[in-house]
Amino acid sequence: MRTVQVSEITENIKEMCIEANHYLSEDMEAVMNRAAKTEAAPLGRQILAQLRENLEIAAKDMIPICQDTGMAVVFLEIGQDVHLEGGLLEDAVNEGVCQGYTEGYLRKSVVGDPILRENTKDNTPAVIHTRIVAGDKVKIKVAPKGFGSENMSRVFMLKPADGLEGVKNAILTAVKDAGPNACPPMVVGVGVGGTFEKCALMAKEALTRDAGSHSSIPWVKELEEEMLEKINCLGIGPGGLGGSTTAFAVNVNTYPTHIAGLPVAVNICCHVNRHVVREI
Ligand code: SF4
């Protein structure tokens, strides 16, 4: 049994909120640089150049890469041989988010009640997903999510007979409907299988997988590649102003499901697709 002080989790989450909002992750930088070379439309190339310039200025002057610094989504994988000490885990995560958004001067975008809509003023609470895994480590993923793209996300409760074609139609429908509103080029996270909530969670977590990586399941890898190609033929393009780079990546996660259903969730993220991973 290994003891981890929850204050260590707070400190890491504080730093990760600031890092995610100021620097594009390496995988996103790689796909953006590649797109800058392959984008077919002159205006599309111009938009990509502006996005890259914005990132450079943000890193140099320590300003956020987007004004919407997002709602903090935190994935925790906790080894079952870890003993957490020093307070409640959820409080420690929220304290990290509070400190990160306050000390990092990040926009506070969370309202405490979805109808009364009073700002909580410290960007808490985070949306926290916790999983108990083997080992004695704590893996933390912080993925601040902007709502321009979040609002364009969809869940489709398909019938088994809809099959793979139904899944493809669902992905393309969500991306077409999102159009320029999701701040393209997008990263498209997809969950296939499970239940209503499980497929949404898979789609969200798929966004934290490296852009440009692929599923180890052959048919899923083929689906990711085919969907990226089809999405990039839609013509939405960088900034929604036309071009051949509507998405940087399509990441699909799957899970067993019920004999009577085929749930599909499409969680769309924008060109910043913030995600930072650490293990303690
Ligand atoms: S969707 Fe992304 S790029 Fe667009 S405003 Fe929100 S965080 Fe910024």
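Before reading on, note that the structure itself is shown above.
Because the structure is a prediction, the values reported are computed rather than measured.

**Concerning the pairing of strand β5 (residues 138-145)**
Note on strand geometry: in a regular strand, side chains alternate between the two faces of the sheet.
Piece 1. Of all 8 residues in β5, 7 are buried; the element is thus mostly enclosed.
Piece 2. Of the pairings in the sheet, the one linking strand β2 (residues 71-79) to β5 comprises 8 bridges and is antiparallel in character. Of the residues in β5, the one forming a bridge with Met71 is Lys145.
Piece 3. Bridge count between β5 and strand β10 (residues 276-279): 4 bridges; the pairing is antiparallel. Directly across from Lys139, in β10, lies its bridge partner Glu279.

**As for the pattern of salt bridges**
Once the charged atoms of two side chains with opposite charge are near each other, the side chains can pair.
Piece 1. Going through the model one piece at a time under the given rule, you end up with 17 salt bridges.
Piece 2. Among the ionic pairs, Glu19 bridges to Arg278, the shortest N-O distance being 3.3 Å. Separated by 259 residues along the polypeptide, Glu19 in helix α1 (residues 6-22) and Arg278 in strand β10 bring together distant segments of the chain.
Piece 3. The salt bridge partner of Arg131 is Glu77, with a shortest N-O separation of 3.4 Å. Here Glu77 lies in strand β2 and Arg131 lies in strand β4 (residues 127-133), a separation of 54 residues in the sequence.
Piece 4. Classification of Glu77 as buried rests on a relative accessible area of 17%.

**Side note on the sheet that holds strand β9 (residues 262-269)**
Piece 1. With mixed pairing, 4 strands are arranged side by side in an open sheet as β6-β9-β7-β8. One side of each edge strand has no neighbouring strand; the edge strands of this open sheet are β6 (154-158) and β8 (247-257). Looking at each pair of strands side by side, their axes are set apart by 15° on average, direction ignored.
Piece 2. Pairing geometry for β6 and β9, over 5 bridges, is antiparallel. If you follow Phe156 over to β9, its bridge partner there is Val264.
Piece 3. Most of the contacts of helix α6 (residues 163-178) go to β9, to which it runs at about 30°, and overall it touches β6, β7 (186-194) and β9.

Conventions we followed
Residues numbered from 1 in each chain as written. Predicted model: local features only at pLDDT ≥ 70, side-chain atom pairs only at ≥ 80, totals over all residues. Heavy atoms only, no water. Buried < 20%, exposed > 50% of the residue type's maximum accessible area, 1.4 Å probe, protein only. Helix = DSSP H or I, 4+ residues; strand = E, 2+ residues; numbered from the N terminus. Pairing = 2+ DSSP bridges. Salt bridge = Lys/Arg side-chain N within 4 Å of Asp/Glu carboxyl O. Axes fitted to C-alpha atoms, helices over the stretch in contact; angles between N-to-C directions. Contact = heavy atoms within 4.5 Å.

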